[in-house]
Amino acid sequence: MRSQAVGIVRRFESGSRSQELHAADRALWPQLVGLPKLRKHRTRHLGHQPILSSGPLLGRYTGGGAPNPAGWIRRDCPRLVARMSYEVAAGPRNGPALDAVFVFIERRGRALLYFVYP
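Residues numbered from 1 in each chain as written. Predicted model: local features only at pLDDT ≥ 70, side-chain atom pairs only at ≥ 80, totals over all residues. Heavy atoms only, no water.

**Focus on the nonpolar core**
V9, V88, F102, F104 and L113 are the most contacted members of the largest nonpolar core, which totals 20 residues. Among the secondary structure elements, those contributing two or more residues to this core are α1 (2-11), α2 (17-23), β2 (85-90), β3 (100-107) and β4 (110-117). Ranked by the residues each element gives to this core, the list is headed by α1, at four residues. Those residues in contact with F104 that sit more than four places away from it in its chain are M1, A5, I8, V9, M84, S85, Y86, V88, A111, L112, L113 and Y114. Grouped together as the second largest cluster of nonpolar side chains are eleven residues, L52, V101, V103 and L112 included. (Core = buried A, V, L, I, M, F, W, Y, C linked by side-chain atoms within 4.5 Å. Buried < 20%, exposed > 50% of the residue type's maximum accessible area, 1.4 Å probe, protein only. Helix = DSSP H or I, 4+ residues; strand = E, 2+ residues; numbered from the N terminus. Contact = heavy atoms within 4.5 Å.)

**Structural notes on the pattern of salt bridges**
In total, this model carries two salt bridges according to the counting rule given. Here R107 ties to D25 by a salt bridge, and the two come within 3.5 Å at their closest N and O atoms. In this pair, R107 sits in strand β3 while D25 sits in the loop between α2 and α3 (29-33), placing the two residues 82 residues apart along the sequence. Exposure remark for R107: the relative accessible area of 42% places this residue in the partly exposed category. A relative accessible area of 19% places D25 in the buried class. A salt bridge links R75 to D76, with the shortest nitrogen-to-oxygen separation between them at 3.2 Å. The class for D76 is exposed, based on a relative accessible area of 55%. (Salt bridge = Lys/Arg side-chain N within 4 Å of Asp/Glu carboxyl O.)

**Quick notes on the side chain of S53**
Take S53: it is sitting in strand β1 (residues 51-56). Given the relative accessible area of 6%, S53 is considered buried. Polar side-chain contacts of S53 include one of 2.5 Å to the side chain of E87. (Polar contact = N/O pair within 3.5 Å; in protein donor to acceptor, adjacent residues only side chain to side chain.)

**Considerations on the sheet that holds β1**
Taken in spatial order, the four strands of this open sheet run β1-β2-β3-β4, and their pairing is antiparallel. If you trace the sheet from one side to the other, it starts and ends with β1 and β4, each paired once. Across this sheet, the average inter-strand angle for adjacent strands is 20°, counted without regard to direction. Pairing of β2 with β3, which is carried by six bridges, proceeds in the antiparallel orientation. What sits directly across from S85, in β3, is I105. Where α1 meets the sheet, its contacts fall on β1, β2, β3 and β4, and the angle it forms with β2 comes to roughly 40°. (Pairing = 2+ DSSP bridges. Axes fitted to C-alpha atoms, helices over the stretch in contact; angles between N-to-C directions.)

**With respect to the packing of aromatic side chains**
Evaluated as defined, the whole model comprises one aromatic pair. Centroid distance F12 to F102: 5.0 Å. Interplanar angle 75°. Geometry classified as edge-to-face. Of this pair, F12 sits in the loop between α1 and α2 while F102 sits in strand β3, and the two are 90 residues apart along the sequence. Like F102, F12 is buried. (Phe/Tyr/Trp six-rings, centres within 6.5 Å; stacked < 30°, edge-to-face > 60°.)

What follows is the structure, given as structure tokens:
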């Protein structure tokens, strides 16, 4: 799943909107297609940023300065979801406030994006 998840992060907000929607859970769609001023995710040009961390959400998290979303996900989702989740953090190495964390779960053999921070 690592290669799929990293590929989605590299293309995020730089490819077609339909590709983003195909890679994301439908619950996330309103945030992905909202008006530009109201968009929750302002993570442009991640394809040019290094991958800071990738691996199981409940494993050794090293996502730069971004907080680990595992606590939120464990609190708001069934435990199995957190155990099956995979994170990818991307952003500039020296600018932790600009890091983005993408959380995926494997569904039907493919990585499905279901949470993005910020």
